[in-house]
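# Structural features, examined
The chain contents come next:
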Amino acid sequence: MEITNVMEYEKIAKEKLPKMVYDYYASGAEDQWTLQENRNAFSRILFRPRILIDVSKIDVSTTVLGFNISMPIMVAPTAMQKMAHPDGELATARATSAARTIMTLSSWATCSVEEVASTGPGIRFFQLYVYQDRNVVRQLVKRAEEAGFKAIALTVDTPRLGRRESDIKNRFALPRGLTLKNFEGLDLGKIDKTNDSGLASYVAGQVDQSLSWKDIKWLQSITSLPILVKGVITAEDARIAVEYGAAGIIVSNHGARQLDYVPATIMALEEVVKAVEGRLPVFLDGGVRRGTDVFKALALGASGVFVGRPSLFSLAADGEAGVRKMLQMLRDEFELTMALSGCRSLREISRNHIKTDWDFPHYLPAKL
């Protein structure tokens, strides 16, 4: 089957992967309303393309935290990638470097920060969960820094794991032979079978539920790396993130895997962008499957997007080559969207290039 868009990788992944693994990657929390909405909300944003503009030369490159990358499309942290393919995070790292963009490595990776660094040069961020044992966090951050990672993406929406009913039904546990490599030797690397989701039990026992804004300052005291706050979806929290010296915000609802019935990230984006008033960059993850989605996010003020599930499904389908092709397809679609909208560089993408369903009044039925 010839792959012509990113969504097609999910069908292949579903056929190839064990049910427990596919369900873990694909599912959301509870009713999965937000999971559907992350995708559907993009369809409620329409284009206002400008015509008769010379688009013979288009530049999709940008900078993120001062690092030059080829496009505003980056790879989000996704856990346990060796469940998708034997090369796991190493394949994703190589593909992302080849695309000259940024990979974010999950704390819960099945390859360590050192192993990922050994794949060669590349701009990599490290996603961090804060454990109850702060010495574990200190060690982990120091290792990421020494391995050449360039930023910390601090996940702030997971004091407890969302209720993911597929994982409960499947009694999710890490397949035999795999461990959370960053925690090997600390007796924290195993996710065993339980009467529930093994991951939910692991999180309940290890992740620090007392994490609060003051811990941003603590984190800044143990590392010189910039800290991105991942999991902000309100203006109130965006303003506090600015006050606490965050280097950037990732508007994220954790792939709709935490609290169900929160807005799609693309719906929450503009509120956050307006609140920070340009004082720091705002990024988005959740539901991005097309180059048109990337354009819409940038038109609403994002500095770039992170893709999660497309990385996993393309990895499952075809390893490193799959991830490379997935990134190339998104880039090509994005460049085409720019051309057909009359934009030659990211600077030219503006709010005027789109209209949303919240821009015009909803016509209510006349009162009886």
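For clarity, every value in this text was computed on a predicted model and none was experimentally measured. (Residues numbered from 1 in each chain as written. Predicted model: local features only at pLDDT ≥ 70, side-chain atom pairs only at ≥ 80, totals over all residues. Heavy atoms only, no water.)

In terms of nonpolar packing, the biggest core is built from 107 residues, with Trp108, Leu128, Ile266 and Phe334 touching the most fellow members. Per-element tally for this core: the top contributor is helix H13 (residues 309–341), with 12 residues. Residues in contact with isoleucine 266, not counting those within four places in the same chain, are Ala41, Phe42, Ile45, Leu284, Lys296, Ala297, Leu300 and Trp358. Residues Ala76, Ile102, Ile123 and Ala153 belong to the second largest nonpolar core, which totals 13 residues. (Core = buried A, V, L, I, M, F, W, Y, C linked by side-chain atoms within 4.5 Å. Buried < 20%, exposed > 50% of the residue type's maximum accessible area, 1.4 Å probe, protein only. Helix = DSSP H or I, 4+ residues; strand = E, 2+ residues; numbered from the N terminus. Contact = heavy atoms within 4.5 Å.)

Looking now at empty space enclosed by the protein. Following the criterion strictly, the structure yields two cavities of 30 Å³ or more and no others. In this structure, the largest cavity spans a volume of roughly 420 Å³. Surrounding the largest cavity, 29 residues form its lining, Pro77, Thr78, His254, Gly255 and Arg257 being those nearest its centre. Contributions of two or more residues to the lining of the largest cavity are made by helix H2 (19–26), strand E11 (304–307) and H13. It is H13 that contributes the most residues to the lining of the largest cavity, three residues altogether. (1 Å grid on protein atoms, 1.4 Å probe; cavity = no way out; pocket = protein on both sides within 12 Å on 5 of 7 lines; lining within 4 Å. Points joined across faces, edges and corners; volume = space filled by probe spheres on them.)

So, about the pattern of salt bridges. For the structure on display, the rule yields 18 salt bridges. Across the pair glutamate 320 and arginine 324 runs a salt bridge whose closest N-O atoms are separated by 3.1 Å. Taken together, the residues glutamate 320 and arginine 324, both in helix H13 and four residues apart, mark about one turn of the helix. When its relative accessible area of 42% is taken as the criterion, arginine 324 is described as partly exposed. Connected through shared salt-bridge partners, Asp87, Arg94, Glu320 and Arg324 make up one network. (Salt bridge = Lys/Arg side-chain N within 4 Å of Asp/Glu carboxyl O.)

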